[in-house]
Amino acid sequence: MATTAITPKQLTWNTRSDDILDGDGTVAATPADGWAIALGTRGTTDRLILKFLADGTGDTVVITAGDMPPAMRAGQGSLSITLAANDVRYLALEPGRFEQNDNTIVATCTDSGTTCLAFLLPVTTGGGSGIG
């Protein structure tokens, strides 16, 4: 089996996003293998937001601890999130804990009805806002 690939939606400062419905997301082809969320360039895990939406039966999602390197804090282990029926949860990931050596984040679940959607926040390139 293989993970289901997800490319995060890149958001841009002061620009309306594409139309993104609340129910948008990708179902994992095989829940036990889950999703592989591509990070693009290294060091973006601090800008990654994941959204999980459970169907009417609820679910448990596990964000897999990264491998070393690059995940220097992988020793903290995987992160498990319980979703109630029709529950939605957003997760901002801690840098250095979940990144895999292939530059992805891997999440698995137990229910075939859960969806995952990923967003990359923009980086500030100047202006002194302190964000980024």
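Refer to the structure presented above.
Note that the coordinates shown come from a computational prediction; the quantities given were computed from them, not determined experimentally.

(A) Inspection of the nonpolar core at higher detail. Core analysis: the largest hydrophobic core is formed by 22 residues, its most contacted members being Trp35, Ile37, Leu48, Leu50, Phe52 and Ile63. Elements represented by at least two residues in this core include exactly strand E4 (35-38), strand E5 (48-53), strand E6 (59-63), strand E7 (79-83), strand E9 (104-109) and strand E10 (115-120). When residues no more than four places from it in sequence are discounted, the contact partners of Leu50 are Ile37, Ile63, Arg89, Tyr90, Leu91, Leu93, Cys116, Leu117 and Ala118.

(B) Representation of the sheet that holds E6 in the model. Within the open sheet, the five strands sit side by side as E1-E4-E9-E6-E7. Their pairing is mixed. The outermost strands of the open sheet, each flanked by one partner alone, are strand E1 (4-6) and E7. Adjacent strand axes in the sheet meet at a mean angle of 25° when their direction is disregarded. The pairing of E1 with E4 spans three bridges and is classified as parallel.

(C) Fine view of the side chain of Arg97. Summarising the element assignment, Arg97 is placed in the loop between strand E8 (88-92) and E9. A polar atom in the side chain of Arg97 sits 3.5 Å from the backbone oxygen of Gln76. A distance of 3.0 Å separates the side chain of Arg97 from the backbone oxygen of Gly77, its partner in a polar contact. Those residues in contact with Arg97, other than ones at most four positions away along the chain, are Ala65, Gly66, Ala71, Arg73, Ala74, Gln76, Gly77, Ser78 and Leu79.

(D) Layout of the pairing of E10. Within E10, six of the six residues are buried, which leaves the element mostly enclosed by the surrounding structure. Because side chains alternate across E10, one face comprises the buried residues Thr115, Leu117 and Phe119, and the other comprises Cys116, Ala118 and Leu120, equally buried. Here strand E2 (residues 9-10) pairs with E10 via two bridges, running parallel. Residue pairing in the sheet places Gln10 in a bridge with Leu120 of E10. Both strand E3 (residues 26-27) and E10 contribute to a ladder of two bridges, which runs antiparallel. In the strand pairing of E10, Val27 is matched with Thr115.

Definitions and cut-offs
Residues numbered from 1 in each chain as written. Predicted model: local features only at pLDDT ≥ 70, side-chain atom pairs only at ≥ 80, totals over all residues. Heavy atoms only, no water. Core = buried A, V, L, I, M, F, W, Y, C linked by side-chain atoms within 4.5 Å. Buried < 20%, exposed > 50% of the residue type's maximum accessible area, 1.4 Å probe, protein only. Helix = DSSP H or I, 4+ residues; strand = E, 2+ residues; numbered from the N terminus. Contact = heavy atoms within 4.5 Å. Pairing = 2+ DSSP bridges. Axes fitted to C-alpha atoms, helices over the stretch in contact; angles between N-to-C directions. Polar contact = N/O pair within 3.5 Å; in protein donor to acceptor, adjacent residues only side chain to side chain.

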